[in-house]
Amino acid sequence: MAKTGLLLTSSLARLPFCLQAARKHVAKTLYIQIEPRSSNIQCVPIYSTAINRIYTSSSIHCNHLDVRVLITNLRGQRVQSLSQQVDVLMFDADVPQAEATLLAEGLRAPSVVQLENPEAVESQGFTTEDGDSPDSYKMHDNVVLGGTFDRLHMGHKILLSNAVLRAKKRLVVGVTDASMVKSKKLPELILPVDQRINDVTNFLKDIDHSLRYEVVPISDPFGPTATDPDMDLIVVSQETQRGGEKVNELRQKNNLNKLQIHCIGMLEGESVGEEDKEVKISSSNQRMDLLGTRIREPEPKGHLEKHPYLIGLLGGIASGKSIMCERFKRFGAAVIDCDKLAHSLYEPGTECFNALKEHFGAGIVGSDGKIDRKILGSIVFSQKEKLEELNGIVWPKLLDAVKVRIEEIRKQGQHRVVFIEAAVLLKAGWQNHVHEVWSLIIPPEEAIRRLQERNNLTEEEAKMRINSQLSNDVIVQHSNVVFSSQWSYEFTEKQAVRAWEILMKDLDTCPEVSSKI
């Protein structure tokens, strides 16, 4: 199967059949080039309805592919290069074979495939549809739009394509930077702004290399529209239409021309049975779909024993670690609770007890002969260096105790996977002692609310505890799999099941998985 393919099609009615056939030949990226029966390069936007329908149809028939509908040829120019090498060129029955062969030669595609013509399907060309307003087909020299553009999905592609179709010379795209995405759902999983800018630029240059593109980061809702006098049209979705109107209000204050507004209808997604998700096609849904999957492949850990497979599980206070561990126990994993293990290290007569008493003085020992945690806490939490001294004593001994417990589990031979629940894993630098890291995150405000309810703390006390932790951003940066318990129990359960199934498949198909990843 080819990695990248190009489909030439001249019939909207045959498109579903062509897409179903194309997915048998292509594994990753599918370019689609419309072959209109009559060229109208003076009114390129008449193809917007057809392009919208192509993207919608592709989400049904080949949603695993990165589909990109080309616009360059609709302007009367030949497609000469694409960002990815085309491995196979496919064409439907109405496209002349000579034309397909010529394009394949130009793109150096090694394989050319004519798709079978489905019976009882009348050919339907790519034309404008009844009821379309002539104003919606007007083109402008300078077009602008903005958005987060996290992991380009069908909605993004339709929005960007409609902007390209209406631009004669220049297209400006504002991409929200880190300061603009904090209020988004699962902001920790949003790609860095530089990567999002690169993805948008790559997509635009792929579908139409004839325009001048300016893809820039924006730190406020207006970006270049607040000051650039050379803008004519802003493209928005139904959800952001009010934002387009606010742009014009600001431009009027700044004595700039009013922009024409072209609005794209909201695209509904398939969220049947998933009440926690939005019904529209959105990046938020995509990020929710990443929960319980590998967002980052584990690094090789050849120095670790292959069995059992070790996973470090961490997360902030009240993030749901204990419940998640119970799930993995139910699935068949062993769990090492480092918090409980650490408590045992404080028992009188242990090596750790003696080291703490010697370092911090006999005053930390209560009348019952045990370490008084309140007294010890008052010492270490008031002085950062004292806390570091405590951790320097406890963490190495805790790691030794974890290793002993792992060895016991290994000898028992009953568990393929061991979860090490350790909130200190990153701070202690234990990443190299596990095959991969899984984590739980919840929004800080949700963690504060849970702490207040669970521990009967004031809001200020809860905030102090949350602020003393590693941020969700840092946790995600070091994680291979991320979960979030901020929604229903059932949705979090689905995340756990998904991650466990992925892990089991890896262990089953690659017994040497720990030495490989």
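Here the structure is a predicted model, which is why all the values come from computation and not from measurement.

## Things to note about the overall build of the protein chain
Summing up its helical and strand segments, the protein chain has 18 helices and 15 strands in all. Along the first, second and third principal axes, the C-alpha atoms of the protein chain reach 95 × 60 × 35 Å. Across the 517 residues that make up the protein chain, the buried fraction comes to 49%. Within the protein chain, counting contacts between residues at least 6 apart in sequence, those at least 24 apart form 77% of the total.

## Digging into the confidence of the model for the protein chain
Averaged over the protein chain, the pLDDT score is 90; the fraction of residues at 70 or greater is 92%. In the model, residues 513–517 has pLDDT below 50 throughout and makes 19 contacts with residues more than four positions away in sequence or in other chains.

## So, the sheet that holds strand 12 (residues 334–337)
Sheet architecture is open: five strands sit in the order 12-13-11-14-15, paired in parallel fashion. Because the sheet does not close on itself, it has two edges, and the strands there are strand 12 and strand 15 (481–483). Put simply, the sheet's adjacent strands are angled 25 degrees from each other on average, direction ignored. With three bridges connecting them, strand 14 (residues 436–440) and strand 15 associate as parallel partners. Looking at the pairing, Trp438 lines up with Val481 of strand 15.

## What about helix 11 (residues 373–380)?
Listed as buried for helix 11 are Leu376, Gly377 and Val380. One face of helix 11 carries all of its buried residues, which in axial projection span an arc of 100 degrees. On its buried side, helix 11 packs onto helix 10 (351–360) and helix 12 (384–412). Capping the start of helix 11, Asp372 holds a side-chain oxygen 3.0 Å from the backbone nitrogen of Lys374, two or three residues further along.

## With respect to the environment of Leu425
You can see Leu425 is positioned in helix 13 (residues 425–428). The class of Leu425 is buried, set by a relative accessible area of 0%. Between the C-alpha atoms of Leu425 and Trp395, which are 30 residues apart in sequence, the distance is 9.6 Å. Among residues more than four places away in sequence, those in contact with Leu425 are Gly312, Trp430, Gln431 and Val437.

## Structural notes on the pairing of strand 7 (residues 167–176)
Counting buried residues in strand 7 gives eight out of 10 residues, a clear majority hidden from the surface. Following the chain from strand 6 (residues 140–147) across helix 4 (residues 154–165) to the adjacent parallel strand 7, one finds a crossover that is right-handed. Across seven bridges, strand 7 lies against strand 8 (residues 212–218) in parallel orientation. Residue Gly174 lies in a different strand from strand 8, and its bridge partner there is Val216.

## Looking at the nonpolar core
Counting residues in each nonpolar core, the largest one holds 57 residues, and the members touching the most others are Leu30, Val173 and Leu204. For Val173, the residues in contact, after removing those within four places along its chain, are Leu145, Phe149, Leu160, Val200, Leu204, Glu214, Val215 and Val216. In terms of nonpolar packing, the next biggest core, distinct from the first, is built from 45 residues, Leu314, Leu345, Leu356 and Ile364 among them.

The rules we used
- Residues numbered from 1 in each chain as written.
- Predicted model: local features only at pLDDT ≥ 70, side-chain atom pairs only at ≥ 80, totals over all residues.
- Heavy atoms only, no water.
- Helix = DSSP H or I, 4+ residues; strand = E, 2+ residues; numbered from the N terminus.
- Buried < 20%, exposed > 50% of the residue type's maximum accessible area, 1.4 Å probe, protein only.
- Contact = heavy atoms within 4.5 Å.
- pLDDT = per-residue confidence, 0-100.
- Pairing = 2+ DSSP bridges.
- Axes fitted to C-alpha atoms, helices over the stretch in contact; angles between N-to-C directions.
- Arc of directions from axis to C-beta.
- Polar contact = N/O pair within 3.5 Å; in protein donor to acceptor, adjacent residues only side chain to side chain.
- Right-handed = clockwise from strand over helix to strand, strands pointing away.
- Core = buried A, V, L, I, M, F, W, Y, C linked by side-chain atoms within 4.5 Å.

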